[in-house]
Amino acid sequence: MSILITGGAGYIGSHTTVELLNAGFDVVLVDDFSNSSPAVLERLEKITGKKFPFYQGSILDTEFLDKVFTKEDIELVIHFAAFKAVGESVQKPLKYYKNNISGTITLLEKMKEYDVKNIVFSSSATVYGTNNPSPMTEDMPTSAINPYGYTKLMMEQILTDVAASDPSWSVTNLRYFNPIGAHESGLIGELPNGIPNNLMPYITQVAIGKLPELNVFGDDYPTPDGTGVRDYIHVLDLASGHLAAVKYNLSHKGAEIFNLGTGHGYSVLDLVKTFEAENKVTIPYRIQGRRAGDIATCYASPEKAKEVLGWEAKKTLKDMVRDSWRWQTTNPNGYED
Ligand code: NAD
Ligand code: WQD
């Protein structure tokens, strides 16, 4: 029996693949490379010393999914495949609703048809919206302010409704906080498309000289230094959270939600200073106005994941900035190198 990983060539999917292969699971990867590179596949083999089946295609394509579910003996799906750029989702909402929501529905229909009723889903802290205090707990009210956020909210709802309609389903919704870092080998990491929107890939591109300076979006928030506070989590901790979630999912039925975060908040300037000190580089930055849609502070309560999954994040902010920088310096042009 294998675990099907949709979006397995992507940033979080590739690190989770390493974790599952190292834990002895058989995996099958699916990706259409809309936001990733085929080069990741040989790097995954290099890191793990293992081979695995890969299928190139879209989860929107029913015939493609038929082929995968017919050829492979799947017991659980980890569903990463989606578009994730908040700004682009505002410009191109239909692109996001189609890929993220229609893609998930198509996948779920095929899972039902082939009697595969175990799914671990990539949700996001974005579903906590703008009004909840930190630490955020799974029972807080949810909301969205952009199409990307709505897709995550709707997919959580769809999955919860599917589990409620049929007690043989097991659904695990994982709400990631801010994943950064990369595998220690420097062989896999995040591949931002164009100019990065997220803080860490922006910092690494400033550090390597691709971008002139960092724009710090606001220094007048009610936080210790005035800049936004987030719960940065190492992508390898996130990967081990998926391993724990898979084990939980396979031994339970029904729908559950877990935060995957560290429980610690760091400001933009904390990240900049730690990056500079740890990697011996300078990050020129300029304070700008606030970015629309940003909140002052967002960090997780990781208690439920600790109690129920027996998982907690272990890596430090220093580990995160060091591993992000190693990935950037060894692959200045991503997987093209
Ligand atoms: P990513 O873009 O690196 O990975 C997604 C992968 O899915 C890519 O390889 C892409 O090519 C593939 N894909 C997209 N649409 C597809 C389709 N229709 N069929 C097949 N493959 C498809 O993103 P990531 O950072 O690894 O994120 C993975 C998941 O986690 C996404 O669902 C994202 O919304 C969610 N998430 C990410 C973050 C983050 O900050 N990175 C935070 C919270 C949640
Ligand atoms: C972090 C902090 C910015 C860039 C986003 C999505 C969320 C989730 C994770 C997918 C904030 C500041 C940023 C820059 C800056 N993704 N910043 N200059 O906004 O917390 O979350 O990614 O689900 O849905 O919204 O992450 O990395 O963009 O920002 O000052 O150039 O860095 O204002 O305080 P965010 P981020």
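Computed from a predicted structure; not experimentally measured.

A.B. asks: Mind laying out the pattern of salt bridges, listing which residues take part and the relevant values?
C.D. replies: Counted under the stated rule, the structure contains 18 salt bridges. In this structure, E156 engages R175 in a salt bridge whose closest nitrogen and oxygen atoms are separated by 2.8 Å. Separated by 19 residues along the polypeptide, E156 in helix α6 (residues 147-165) and R175 in strand β6 (residues 170-176) bring together distant segments of the chain. The residues E156 and R175 share a single accessibility class, namely buried. Note that D323 and R326 form a salt bridge whose closest N and O atoms lie 2.8 Å from each other. Here D323 pairs with R326, and both are found in helix α11 (residues 317-330), just three residues apart, close to one helical turn.

A.B. asks: I'd like a description of the sheet that holds strand β14 (residues 297-298), backed by residues and values.
C.D. replies: If you trace the three strands from one edge of the open sheet to the other, you get β12-β9-β14, paired in mixed fashion. Whereas interior strands pair on both sides, the edge strands pair on one side only; in this sheet they are β12 (266-267) and β14. Across two bridges, the pairing between strand β9 (residues 229-230) and β14 is parallel. The residue bridging R230 from the neighbouring strand is C298, located in β14.

A.B. asks: Residue-level account of the side chain of T104, with values.
C.D. replies: By the secondary structure assignment, T104 is in helix α5 (residues 93-113). Those residues within four positions of T104 in sequence are excluded, and the remaining contacts are I59, H79, N99 and M155.

A.B. asks: Report on the site of ligand 2, specifying residues and quantitative values.
C.D. replies: By nearness alone, 19 residues border ligand 2, and S124, Y148, N215, R230 and D294 come closest of all. Here Y148 contributes a side-chain N or O atom positioned 2.5 Å from an oxygen atom of ligand 2. Between ligand 2 and the protein, one listed contact pairs an oxygen atom with a side-chain N or O atom of N178 at 3.0 Å. In isolation ligand 2 has 680 Å² of accessible area, and contact with the protein removes 87% of it. For the shell around ligand 2, the elements supplying multiple residues, two or more each, are α7 (199-207) and β8 (214-217). When residues in the shell around ligand 2 are grouped by element, the largest group, four residues, is from β8.

A.B. asks: How would you sum up the packing of aromatic side chains? Please name residues and give values.
C.D. replies: Under the defined criterion, the tally for this structure stands at seven aromatic pairs. A centroid spacing of 5.3 Å and a plane angle of 25 degrees characterise the contact between F33 and F54, whose relative ring orientation is stacked. A residue pair is termed long-range when its members are at least 10 positions apart, and F33 in the loop between β2 (26-31) and α2 (39-48) and F54 in strand β3 (residues 54-56) qualify at 21 residues. Judged by its relative accessible area of 24%, F54 is partly exposed. Seen in terms of ring centroids, W327 and Y335 are 5.1 Å apart; in terms of plane orientation they differ by 55 degrees. Their pairing is tilted. A cation sits over an aromatic face here: K95 above F83, 4.8 Å from the ring centre. One cation-aromatic arrangement involves K304 over F258; the distance from NZ or CZ to the ring centre is 4.9 Å.

Procedures and definitions
- Residues numbered from 1 in each chain as written.
- Chains lettered and ligands numbered in written order.
- Predicted model: local features only at pLDDT ≥ 70, side-chain atom pairs only at ≥ 80, totals over all residues.
- Heavy atoms only, no water.
- Salt bridge = Lys/Arg side-chain N within 4 Å of Asp/Glu carboxyl O.
- Helix = DSSP H or I, 4+ residues; strand = E, 2+ residues; numbered from the N terminus.
- Buried < 20%, exposed > 50% of the residue type's maximum accessible area, 1.4 Å probe, protein only.
- Pairing = 2+ DSSP bridges.
- Contact = heavy atoms within 4.5 Å.
- Near = heavy atom within 4 Å.
- Polar contact = N/O pair within 3.5 Å; in protein donor to acceptor, adjacent residues only side chain to side chain.
- Areas by Shrake-Rupley, 256 points an atom, 1.4 Å probe, with all protein chains shown as cover.
- Phe/Tyr/Trp six-rings, centres within 6.5 Å; stacked < 30°, edge-to-face > 60°.
- Lys NZ or Arg CZ within 6 Å of the ring centre and 35° of its normal.

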